[in-house]
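Here's the letter readout for the chains.
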Amino acid sequence: SAPAVTSFSKVNASDVRLLVHNVLGNGLVNPGRQPAFIRALQALDPDIACFTELSSPTTTDVVNLMESILPAGPGEAWNAQKNGDAITVSLWPIVNFANVDGNLLCEIDPPADRSFRNLIIFNAHTPCCSGGNAGRDVEHDRISSTWRNLLNGVGPFTIDVTAPVFMVGDFNMVGFVRQLETLRDGTIIDNGTFGANFSPGRTNGSLVSAPVRHTHTRATYSWRTDGSSFSAGKLDYILFSDDEATLQRNFTLWTPDMDSGSLTAAGLLSGDSTTMSDHLVMIADFSMSLVPVEISHFEID
């Protein structure tokens, strides 16, 4: 039997919605392809978007574009940081950021009425294809060891060591499973260069990979080019620490498999996914562990 269709709506209004997408050759700002992106962004309404292959626009360009597509609400404003072709856009302030090879590390500060810790997000676009295995080994080790160092109080900035972490993006996973394991499990490939193995999920051990199944089928691939010599595959991931972040709704958008009623309700066209990119849009919603409120004393009238 066909699987249940995944709704686009959040489970809880307070959940943080993270969008991850390799937009293929600056597709987000390509006039011929941009209308499909606009429809998808308006249908999905993210709080944070991690784009890759977006090298040409500036952060100001992307902030202005996001504001035109999804105007920020009261007390919010779009913010962005960039490294190479990776741009992270957030409705909340990006209070720290750093380049990690060609990948981008950001710390995002939620508003005061969201009583959870700052978010640590690695937005990755690691080297492509079978010839990129050596480069992927290095970049995945550097991402993982950067997170280990941050947990140990060492790094480009200081964090709350209980902060939830997200490692997301186009990891070009066409090579060796060790490249996934170094991110998910903290099993460093080159210990001599990048140091000791560790538990990226703290007491929970490994990070968790969001399943991000397609909304209308059981498929989980994140890249597809019909007519290519390569089969559709899962190149993109959303990894997260489940001690501080709880996965709620999550899915991958593939409009060609959506029925006409679902497309109309969402304001999408059947060809939008293939127009946008060879990579598919991924969505993950998270509820967060709240920061305990410390009460220093009680007053009795």
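Further up the page is the structure itself.
Keep in mind it's a predicted model, so treat the numbers as computed, not measured.

What counts as what
- Residues numbered from 1 in each chain as written.
- Predicted model: local features only at pLDDT ≥ 70, side-chain atom pairs only at ≥ 80, totals over all residues.
- Heavy atoms only, no water.
- Salt bridge = Lys/Arg side-chain N within 4 Å of Asp/Glu carboxyl O.
- Helix = DSSP H or I, 4+ residues; strand = E, 2+ residues; numbered from the N terminus.
- Buried < 20%, exposed > 50% of the residue type's maximum accessible area, 1.4 Å probe, protein only.
- Phe/Tyr/Trp six-rings, centres within 6.5 Å; stacked < 30°, edge-to-face > 60°.
- Lys NZ or Arg CZ within 6 Å of the ring centre and 35° of its normal.
- Pairing = 2+ DSSP bridges.
- Disulfide = S-S within 2.5 Å.
- Expected span 1.5 Å × (residues − 1).

Caption draft 1: Up close: the pattern of salt bridges. With the rule as written, the count across this model stands at ten salt bridges. Asp 285 serves as the salt-bridge partner of Arg 17, at 2.7 Å between the closest nitrogen and oxygen. Of the two residues, Arg 17 is situated in strand β1 (residues 16–22) and Asp 285 in strand β12 (residues 281–288); the sequence distance between them amounts to 268 residues. Assessed through its relative accessible area of 2%, Arg 17 is described here as buried. One salt bridge connects Arg 142 with Asp 101, and the closest N-O pair in it is separated by 2.7 Å. Here Arg 142 is found in helix α3 (residues 133–151), whereas its partner Asp 101 is found in the loop between β5 (94–100) and β6 (103–108), with 41 residues between them in sequence. Residues participating in the shared-partner salt-bridge network are Arg 117, Asp 160 and Glu 244.

Caption draft 2: Representation of the packing of aromatic side chains within the structure. Inspection of the entire model under this criterion finds five aromatic pairs. Relative to Trp 254, the ring of Tyr 221 lies with its centre 6.1 Å away and its plane at 75 degrees, an arrangement referred to as edge-to-face. Placement of Tyr 221 in the loop between β9 (208–209) and β10 (236–240) and of Trp 254 in the loop between β11 (245–253) and α6 (260–266) is noted, with a sequence separation of 33 residues between them. Residues Tyr 221 and Trp 254 agree in their burial class; the two are buried. Site record: aromatic cluster; members linked through ring pairs are Phe 166, Phe 240 and Phe 286. In this structure, Lys 234 is placed above the aromatic ring of Tyr 237, and the distance from its NZ or CZ to the ring centre is 4.6 Å.

Caption draft 3: The arrangement of the pairing of β10 in detail. Most of β10 sits inside the fold, with five of its five residues counted as buried. Residue alternation in β10 divides its side chains into two sets, Asp 236, Ile 238 and Phe 240 and Tyr 237 and Leu 239, and both sets are buried. As defined by bridge partners, β9 adjoins β10 across two bridges and the pair is classed as antiparallel. Opposite Val 208, over in β10, you have Phe 240 as the bridge partner.

Caption draft 4: Fine view of the state of the cysteines. A full pass over the atoms with the stated rule returns one disulfide. Paired through a disulfide, Cys 128 and Cys 129 show a sulfur-sulfur distance of 2.0 Å. Sign of the S-S torsion, about 45 degrees for the bond between Cys 128 and Cys 129, identifies this disulfide as right-handed. Cys 129 gets classed as partly exposed once you look at its relative accessible area, which sits at 39%. Free cysteine Cys 50: the closest other cysteine sulfur is in Cys 106, separated by 7.5 Å. Assessed through its relative accessible area of 1%, Cys 50 is described here as buried. Classification of Cys 106 by relative accessible area gives buried; the value is 0%.

Caption draft 5: Inspection of α3 at higher detail. Here α3 spans 27 Å end to end across 19 residues, near enough to the 27 Å set by a 1.5 Å rise per residue. Counting buried positions over the 19 residues of α3 gives 14, a clear majority of the element.

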